[in-house]
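Below, each chain spelled out in residue letters.
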Amino acid sequence: MTTDPNSWTPSSTTGSIPVRAQVQGRRYIAPGKGKDFEHRYDFFHWKTSNLRKDYWETPRSVSCPGRVNTKPIPGIPTQFSFVLEQVDKELGFISFMREWFDKSQNLFRFEYRAGGSKADLFGETTLSEVHDYNAGIAYVMDPQRGNCSIMPIESNSLDDRQASTKTVRMRSALEFFFLDGVRPSYEGVKTVRGIDADVWVATRPNPQGYGLETWEWVFSTWNTEEQETTGNKQPIPIQLTLRQGKSTTYFNMYNFKRQEPDATIFDISPCYENRNRRVFQFGIIANNMNAILQNIQSFKNAVVSAVAKATGLPPSRIANVKVNFGTAPTVGVELLDKAPIKGDVFLKIKQVDLKTAGDRLFDAIRTNSFQIVTQDGIDSVSSNVIRAQPSQVQELEYQQTKRDEGVSTSTTAAVSVVMAVFGAGVGGGGATFFHGKFMSSIN
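Definitions and limits used
Residues numbered from 1 in each chain as written. Predicted model: local features only at pLDDT ≥ 70, side-chain atom pairs only at ≥ 80, totals over all residues. Heavy atoms only, no water. Pairing = 2+ DSSP bridges. Helix = DSSP H or I, 4+ residues; strand = E, 2+ residues; numbered from the N terminus. Axes fitted to C-alpha atoms, helices over the stretch in contact; angles between N-to-C directions. Contact = heavy atoms within 4.5 Å. Salt bridge = Lys/Arg side-chain N within 4 Å of Asp/Glu carboxyl O. Buried < 20%, exposed > 50% of the residue type's maximum accessible area, 1.4 Å probe, protein only. Core = buried A, V, L, I, M, F, W, Y, C linked by side-chain atoms within 4.5 Å. Disulfide = S-S within 2.5 Å. Phe/Tyr/Trp six-rings, centres within 6.5 Å; stacked < 30°, edge-to-face > 60°. Expected span 1.5 Å × (residues − 1). Arc of directions from axis to C-beta. Polar contact = N/O pair within 3.5 Å; in protein donor to acceptor, adjacent residues only side chain to side chain.

A. Highlighting the sheet that holds strand β20 (residues 383–396). Strands sit in the order β17-β18-β16-β20-β19 across an open sheet of five strands; the sheet is antiparallel. Since the sheet does not close on itself, it has two edges, and those belong to β17 (318–324) and β19 (371–375), each with one partner. Pairs of neighbouring strands in the sheet enclose a mean axial angle of 30°, with direction left out of account. By the bridge criterion, five bridges tie β17 to strand β18 (residues 330–336) in an arrangement that is antiparallel. Bridged to Ile-318 within β18 is Leu-335. On the sheet, helix α6 (residues 354–366) packs against β16 (277–284), β18 and β20 and is oriented at approximately 10° with respect to β16.

Given below as structure tokens:
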């Protein structure tokens, strides 16, 4: 039966809509055994407009084994940075972190508010931590107090995996996002955080043996900010979701950038205050001024790469690149000493000592073999080769800073060397972070 258009008008533009269906009949449960029935079906909120597309899609975080994957998941770059918001619905817990990942340089940095045993060591303050997988060393810096602690990289941290009983290795980009060993299936376009996004889902075993867990990867259809910067429409991850049993954790990613981090991001020079270092200054031919001024930070990154190539040092041991402009540009750079402790990665190549590194740089500039290669743009294939003036290189004396007793500032850092490996996490007490990925488990 339907509404009577002569006596009642529905809110929709349709003149008449169904409100009830009534069915009478006889049902046979066995030969010769029937039973009469009468069913009544009432309809509410009847709509004739088109429904949303996601009504015909599987719900979020539902993995269907054997489903045909109609769209491959986007590739993950080897250099990126983002701001993380972790939301644990079960615990009612929210935390934030900033992360920089550079697999090509074997470097990782993250900023967080200390919790758990890290808070016992450093207090409940914001810490900046750089992991140098070229040496297996973690540099934990307190920007507020100016302190720095040097220790081996923690096992099962955000960015590492166990390589052996005594060593760790840096995760790959796929491992960092838990895309290794799985084949996510495409779930369609859904609205996530108010953004039209492509969604993939997969299940994988819990590493502690607690059955299966469901992972969901959400990528924006394309990144407006990145398109405006580079002209490319590239999807970026905006959310990871982990569901296991009744527990759901959201990992929201903001300001994701798929590009080489600035060289200053991995600066560990505050941890080497008053330790051995060599300071060099060299001139640049004046006609390279415009190429340098186009992008100072890109030029500094290129200087770090050139020094690393000439000396054999990892980028983490090249610090305080400064550019001064006069009649011709001059560049200052500092080379840091080897770490004062042994790291916990397997080193295929022995670390270059400070004397050898400095001599190599000096000789490369004097023999005109030192080249700084800069790109014309972020995604440009063309480059510029900038050479130093062979006759304008000099080594300067490193002026050590005298620190007053009991005083620690950002410019006069107190540096401690920690030999033990601490296995606790960095987040708030009581929170559990998945697999020690973005943060470790907290006791």
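On we go from here.
B. Just the pattern of salt bridges, in detail. Inspection of the entire model under this criterion finds 17 salt bridges. A salt bridge links Asp-142 to Arg-145, with the shortest nitrogen-to-oxygen separation between them at 2.8 Å. Residue Arg-145 is classed as partly exposed on the basis of its relative accessible area of 39%. One continuous salt-bridge network, built from bridges that share partners, spans Arg-161, Arg-169, Glu-175, Asp-180 and Arg-204.

C. Region of the structure containing the pairing of strand β5 (residues 107–113). The element β5 is largely enclosed, with a buried count of six among its seven residues. Bridge count between strand β4 (residues 93–102) and β5: five bridges; the pairing is antiparallel. What sits directly across from Glu-99, in β5, is Phe-110. In this sheet, strand β6 (residues 126–132) lies alongside β5 in antiparallel orientation, the contact comprising seven bridges. Across the sheet, residue Phe-110 finds its bridge partner in β6, namely Glu-129.

D. Region of the structure containing the nonpolar core. By size, the foremost hydrophobic cluster in this structure holds 44 residues, and its most contacted members are Phe-80, Phe-82, Phe-177 and Trp-217. In contact with Phe-80, not counting residues within four places along its chain, are Glu-99, Trp-100, Phe-101, Ala-173, Phe-176, Phe-177, Phe-256, Lys-257, Arg-258 and Gln-259. Of all hydrophobic cores here, the second largest spans 29 residues; its members include Phe-280, Ile-318, Leu-354 and Phe-370.

E. Main features of the state of the cysteines. Inspection of every chain in the model, using the stated rule, returns one disulfide. Across a sulfur-sulfur distance of 1.8 Å, Cys-148 and Cys-271 are joined as a disulfide pair. Disulfide Cys-148-Cys-271: torsion about the S-S bond near 85°, hence right-handed. Of this pair, Cys-148 sits in strand β8 (residues 147–152) while Cys-271 sits in the loop between β15 (247–257) and β16, and the two are 123 residues apart along the sequence. Taken individually, Cys-148 and Cys-271 each receive the classification buried, so the pair is uniform in this respect.

F. Region of interest: the packing of aromatic side chains. Counting across every chain of the model gives 21 aromatic pairs. On the numbers, 4.8 Å between centres and 10° between planes, the contact of Phe-80 with Phe-101 is stacked. You can see Phe-80 sitting in strand β3 (residues 79–88) and its partner Phe-101 sitting in strand β4, a full 21 residues away along the chain. Each member of the pair, Phe-80 together with Phe-101, is buried. Members of the aromatic cluster, joined through ring pairs, are Phe-80, Phe-82, Phe-101, Phe-108, Phe-110, Tyr-112, Phe-176, Phe-177 and Phe-256.

G. Examining helix α5 (residues 296–311) more closely. Over its 16 residues, α5 extends 22 Å from the first C-alpha to the last, a length consistent with the 22 Å expected when each residue adds 1.5 Å. What α5 keeps buried is the set Phe-299, Lys-300, Asn-301, Ala-302, Val-303, Val-304, Ala-306, Val-307, Ala-308 and Thr-311. The first or second residue beyond α5 is Gly-312, which carries a positive phi of 85°.

H. Molecular detail of unusual backbone geometry. In this structure, Arg-193 is a non-glycine residue whose phi angle is positive, near 55°. Topologically, Arg-193 is positioned in the loop between β11 (185–192) and β12 (195–205). Unusually for a residue other than glycine, Asn-320 sits at a positive phi of about 50°. In this structure, Asn-320 sits in strand β17. Given the relative accessible area of 28%, Asn-320 is considered partly exposed.

I. Spotlight on the pairing of strand β2 (residues 33–42). The pairing of strand β1 (residues 20–30) with β2 spans 10 bridges and is antiparallel. Note that in β2 the partner of Gly-25 across the bridge is Phe-37. Linking β1 to β2, which pair antiparallel, is a turn of two residues; within it Gly-32 sits at a positive phi near 80°.

J. Region of interest: α6. The terminal C-alpha atoms of α6 lie 18 Å apart, and with 13 residues this matches the ideal 18 Å at 1.5 Å per residue to within 8%. Three or more residues of α6 are buried, namely Leu-354, Ala-357, Gly-358, Leu-361, Ala-364 and Ile-365. Viewed along the axis of α6, the buried residues span an arc of 130°, placing them on a single side of the element. Summarising the contacts, the buried residues of α6 are in contact with β16, α5, β18 and β20. The opening residue of α6 is Asp-353, an N-cap whose side-chain oxygen sits 3.2 Å from the backbone nitrogen of Lys-355. Downstream of α6 by one or two residues, Asn-368 has phi in the positive range, about 65°.

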